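If you want the building blocks of each chain, they are given just below.
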Amino acid sequence: MNKRRVVDVTRRGALALGASGLVTPRIARAQAGFPDRPIRFIIPWPPGSSLDALFRSMFEVVRRELGQQVILDSRPGARGTLGAQAVLQARPDGYLLAQQHLSILRHPFMTRHATWDPINDFTYIMQVSGFLFGTAVRSDSPYRSWQDLIAAARARPGMLTYSTSGVATSNHIAMEDILAREGVQMTHVPFRGAQEGVTALLGKQIDCIADAQAWRPNVENGEFRLLSVWTRDRLPAFPDAPTLRELGYDMVVTSPYGIAGPKGMDPGVVRVLHEAFRKALSDESTQQVMRRWELPMEYLGPEDYLAFARQRVAYEREMVSRLQLSIDGS
């Protein structure tokens, strides 16, 4: 797959968004006076990621459309659930939103303690994109290919380490699934975000990072070697890195994410927010960010996003049970 095709696919997604009804210069406000103050948006990961860049670009367009600032509030920690926790306590007035991701759907099945209903306790506004995951080692590592890493893990059970952005995140689950298929063991080292894993790998504290693309600059400058990518096709920026499908796993892992608010939001407010964020996603400035980071287009409107979440909850419950994941006592 060449770079022109990736760009064209993203542009077709943007054109589809634009063709779905966004033809007015300003979005009509369904609720009188909404919004009349800034909107706070929680991202439950450290700043500086591709996700961070994507939403910041979108917020600029939303500001122009709605006439109010969207304030980004980074709250890393607690396995990416701090945004969901804040949403549960917020009024359903549209002034506090958060990134909704698969860990939030998965979380209730990993503990005996009361958490939330992943469907009924949130208002699903729009699915946006997904993560670009991959596995990387230091460039001076003896593991020059994914097969080298697996062979070493097989020879030294539990001795090799890999990092992720938290226990029971999508990349953690995918990595454990892969290792189980191979019949090998590696030790998981969870961090609060992918960048902490990059720092640990630079410091030779771990053997491998299996996470979203915080590793990209280090691969580009030659400090890291990319052993695999988890996208459907190889990346134009890293054409030598095989996909999981090419490695024999028949897996594509992007962990789609989107925007959610508290349960019980007024449908008119949801419509205003969805249309503003949809227009922001199709804006050329946002599309440039997506092309720069090779992010997948995963757009879904409110009804389709809710339907996706309902379907995905069943899968997450099954994977938690299969891998015997639990955060109790962690």
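This structure is a prediction, so every number in the text was calculated from the model and none was measured.

(A) How the structure looks around the packing of aromatic side chains. Tallied over the full model, the rule gives 14 aromatic pairs. Geometrically, the ring pair formed by F41 and F277 is tilted, given 6.2 Å between the ring centres and 45° between the ring planes. Residue F41 is found in strand β1 (residues 39-43), and its partner F277 is found in helix α9 (residues 267-282); the two are separated by 236 residues along the sequence. One Lys or Arg, R37, reaches over the ring of Y95 and ends 3.6 Å from the middle of that ring. Positioned over the ring face of W293 is R292, at 5.0 Å from the centre of the ring.

(B) Quick look at helix α5 (residues 146-155). Where α5 is concerned, the buried positions are W146, L149, I150, A152 and A153. Projected down its long axis, α5 carries its buried residues within an arc of 160°, all on one side.

(C) The layout of surface pockets, seen in detail. Looking at the second largest pocket, its volume works out to about 380 Å³. In terms of lining residues, the second largest pocket is bounded by 26 residues, among which S49, F131, A194, D211 and A212 are the most central. For the lining of the second largest pocket, the elements supplying multiple residues, two or more each, are α2 (50-66), α4 (102-106), α6 (170-182), α7 (194-202) and β8 (208-212). When the residues that make up the lining of the second largest pocket are grouped by side-chain class, the tally is twelve nonpolar, 13 polar and one charged.

(D) Geometry of the packing of α9 against helix α10 (residues 284-293). The N-to-C vectors of α9 and α10 enclose an angle of 60°; their axes lie 5 Å apart at closest approach. Here α9 lies oblique to α10, going by the angle between them. When α9 is examined against α10, the residues A280, L281 and S282 are found in contact with a partner set consisting of E284, T286, Q287 and M290. For the contact of α9 with α10, a count of residues per class yields three nonpolar, three polar and one charged.

(E) Layout of the nonpolar core. Of all hydrophobic cores here, the largest spans 62 residues; its most connected members are F55, L273 and F277. Excluding residues within four positions of it along the chain, L273 makes contact with F34, I39, L66, G94, L97, I125 and M265.

(F) Local environment of the confidence of the model for the protein chain. When the pLDDT values of the protein chain are averaged, the result is 90; 90% of them are 70 or greater. Low confidence marks residues 1-15, where pLDDT is under 50. Its contacts with residues over four positions away, or in another chain, come to 16 contacts. This model gives residues 19-25 a pLDDT under 50, and the stretch forms eight contacts once residues within four places in sequence are excluded.

(G) Molecular detail of the pattern of salt bridges. Counted by the stated rule, this structure contains 23 salt bridges. Notably, a salt bridge pairs R75 with D73, separated by 2.9 Å at the nearest N-O pair. In this structure R75 comes out as partly exposed when scored by relative accessible area, which is 29%. Looking at D73, the relative accessible area reads 15%, which means it is buried. Across the pair R181 and D177 runs a salt bridge, and its minimum N-O distance is 3.2 Å. With a gap of four residues between them, R181 and D177 both fall in helix α6, about one helical turn apart. Each member of the salt-bridge network shares a partner with another, and the members are R216, E220, R292 and E294.

Thresholds applied
Residues numbered from 1 in each chain as written. Predicted model: local features only at pLDDT ≥ 70, side-chain atom pairs only at ≥ 80, totals over all residues. Heavy atoms only, no water. Phe/Tyr/Trp six-rings, centres within 6.5 Å; stacked < 30°, edge-to-face > 60°. Helix = DSSP H or I, 4+ residues; strand = E, 2+ residues; numbered from the N terminus. Lys NZ or Arg CZ within 6 Å of the ring centre and 35° of its normal. Buried < 20%, exposed > 50% of the residue type's maximum accessible area, 1.4 Å probe, protein only. Arc of directions from axis to C-beta. 1 Å grid on protein atoms, 1.4 Å probe; cavity = no way out; pocket = protein on both sides within 12 Å on 5 of 7 lines; lining within 4 Å. Points joined across faces, edges and corners; volume = space filled by probe spheres on them. Nonpolar A, V, L, I, M, F, W, Y, C, P; charged D, E, K, R; others polar. Axes fitted to C-alpha atoms, helices over the stretch in contact; angles between N-to-C directions. Parallel < 35°, antiparallel > 145°, perpendicular 65-115°, else oblique. Contact = heavy atoms within 4.5 Å. Core = buried A, V, L, I, M, F, W, Y, C linked by side-chain atoms within 4.5 Å. pLDDT = per-residue confidence, 0-100. Salt bridge = Lys/Arg side-chain N within 4 Å of Asp/Glu carboxyl O.

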